[in-house]
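Fold and geometry: a report
For reference, the chains in residue letters:
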Amino acid sequence: MRVDPRLLDLQEQDSAIDRLEARRAALERGEPVMEARRAADEAERALGELRLGLDELDREASRLEHEIDSIGRKAADEEARLYDGSVANARELDAIRREVENLRGRAAAREDELLAVMERREAIERDALAAEARAAELRGEVDRVRGDAERELAAVLEELRARTRAREALAEAIDAELLDLYERLRRQKKGVGAAALVDGVCQGCHEQLSAVELDRLKRGDGIPRCEHCRRILVP
Ligand SMILES: [Zn+2]
């Protein structure tokens with residue numbers, strides 16, 4: 001089994017170049033920045049929802065305050081009638097007393113409700129403060145990510161240039177027929193045309209070659225290929 005071992009170096013360069021090209025495309029599309037922006041938008045949306053919740057509780061609190069106020073005024077008016085001499089009838093006075101008691105009871109119940117609303121509001125206010133800090137942090141993160149992405153793209157382009165040069169030099173040194181087969185396989189097989197053969201296992205498809213096939217490869221002359229994935233094998 002004879003095959004130029006530099007083919008594996010070429011494969012390594014080509015795989016690295018493919019990865020770098022994919023990263024370059026993602027960076028040029030602005031993906032990291034878009035992702036950071038999405039996270040910031042999401043945090044702001046969550047903050048907006050908490051603020052809506054606070055507005056609703058404020059409206060609820062204000063409604064209860066008005067109700068307590070109005071019940072209190074009504075109770076005071078009724079109470080005044082007990083003492084201003086306008087009602088003399090004992091039964092009627094009793095009825096007014098019961099009405100005052102009833103109104104005071106309703107006001108107390110509304111005050112308990114108001115207290116519960118204020119407690120809920122306090123908890124949501126705390127969450128909103130934390131959410132506000134989080135949103136501001138993520139908004140700042142967008143700028144940081146943008147700077148990082150610019151630096152990363154410059155580094156990717158630099159590495160691409162270096163690897164492309166190294167790749168060209170390797171390709172020139174490899175036999176044309178072998179190179180041609182390798183290029184064709186790379187197009188068909190997700191960028192991997194050549195794989196190492198380690199302990200009888202093809203590193204391209206990770207399948208074990210049969211003893212018969214290994215023996216045939218050892219004795220054969222031609223370009224060794226994996227019996228499973230047909231990639232070029234480099235022992
Ligand atoms: Zn294989």
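If you're wondering where the values come from, they're calculated on a predicted model, not measured in any experiment. Numbers given to residues run from 1 along each chain, matching the order in which its sequence is written. With pLDDT at 70 or above as the cut-off, local features in this predicted model cover only qualifying residues; side-chain atom pairs require 80 or more to be listed or tallied, and sums for whole chains, interfaces and linings still use all residues.

1. A short note on the overall build of the protein
The helix and strand tally for the protein stands at 5 helices and 3 strands. Ordered by position in the sequence, the α and β elements of the protein form the string α-α-α-α-β-β-α-β. The globule rule used here is 2.2 Å times the number of residues to the 0.38 power, and the radius of gyration it is set against is calculated over C-alpha atoms. Here the C-alpha radius of gyration of the protein, 40 Å, is well above what a compact globule of 235 residues would show, namely 18 Å. Each principal axis of the C-alpha distribution contributes one length, and for the protein these read about 125 × 40 × 20 Å. In the protein, which comprises 235 residues, the share counted as buried stands at 15%. C-beta atoms are placed from the backbone for every residue, and two residues are taken to be in contact when these atoms lie within 7 Å. For the protein, the proportion of contacts with a sequence separation of at least 24, taken over those separated by at least 6, is 79%. A helix here means a DSSP run of H or I that spans at least four residues, while a strand means a run of E at least two residues long, and both kinds are numbered starting from the N terminus. Neighbour counting defines burial: a residue surrounded by 20 or more other C-beta atoms within 10 Å of its own C-beta is buried, one with 12 or fewer is exposed, and intermediate counts give partly exposed, using backbone-placed C-beta atoms.

2. With respect to helix α3 (residues 90–173)
With 84 residues, α3 should reach 124 Å at 1.5 Å per residue; the first-to-last C-alpha distance of 120 Å fits that figure. The complete set of buried residues in α3 reads L103, R110, V117, A131, A135 and V145. On its buried face, α3 is in contact with α2 (31–83). For a helix, the expected span equals 1.5 Å multiplied by the residue count minus one.

3. Details of the packing of α2 against α3
The N-to-C vectors of α2 and α3 enclose an angle of 165 degrees; their axes lie 7 Å apart at closest approach. Overall, the two elements α2 and α3 adopt an arrangement that is roughly antiparallel. Along this stretch, α2 crosses α3, giving a crossing that reads as left-handed. Its residues assigned to classes, the contact of α2 with α3 shows 33 nonpolar, 2 polar and 26 charged. Interaxial angle, 0 to 180 degrees, is taken between N-to-C directions of lines fitted to C-alpha atoms, where a helix line uses only the stretch in contact. Oblique is the label for any angle not covered by the other classes, which are roughly parallel (under 35 degrees), roughly antiparallel (over 145) and roughly perpendicular (65 to 115). Note: crossing handedness is left-handed where the near helix turns anticlockwise from the far helix by less than a right angle, and right-handed where it turns clockwise. Think of it as three bins: nonpolar holds Ala, Val, Leu, Ile, Met, Phe, Trp, Tyr, Cys and Pro, charged holds Asp, Glu, Lys and Arg, and polar takes everything else, Gly as well.

4. Examining the domain arrangement of the protein
For interface size, the figure often reported is the accessible area lost on association. What counts as a domain boundary in this text is fixed by an automatic or database domain assignment. When cut into domains, the protein gives domain 1 (30–156) and domain 2 (181–234). One C-alpha centre belongs to domain 1, the other to domain 2; they are set 69 Å apart.

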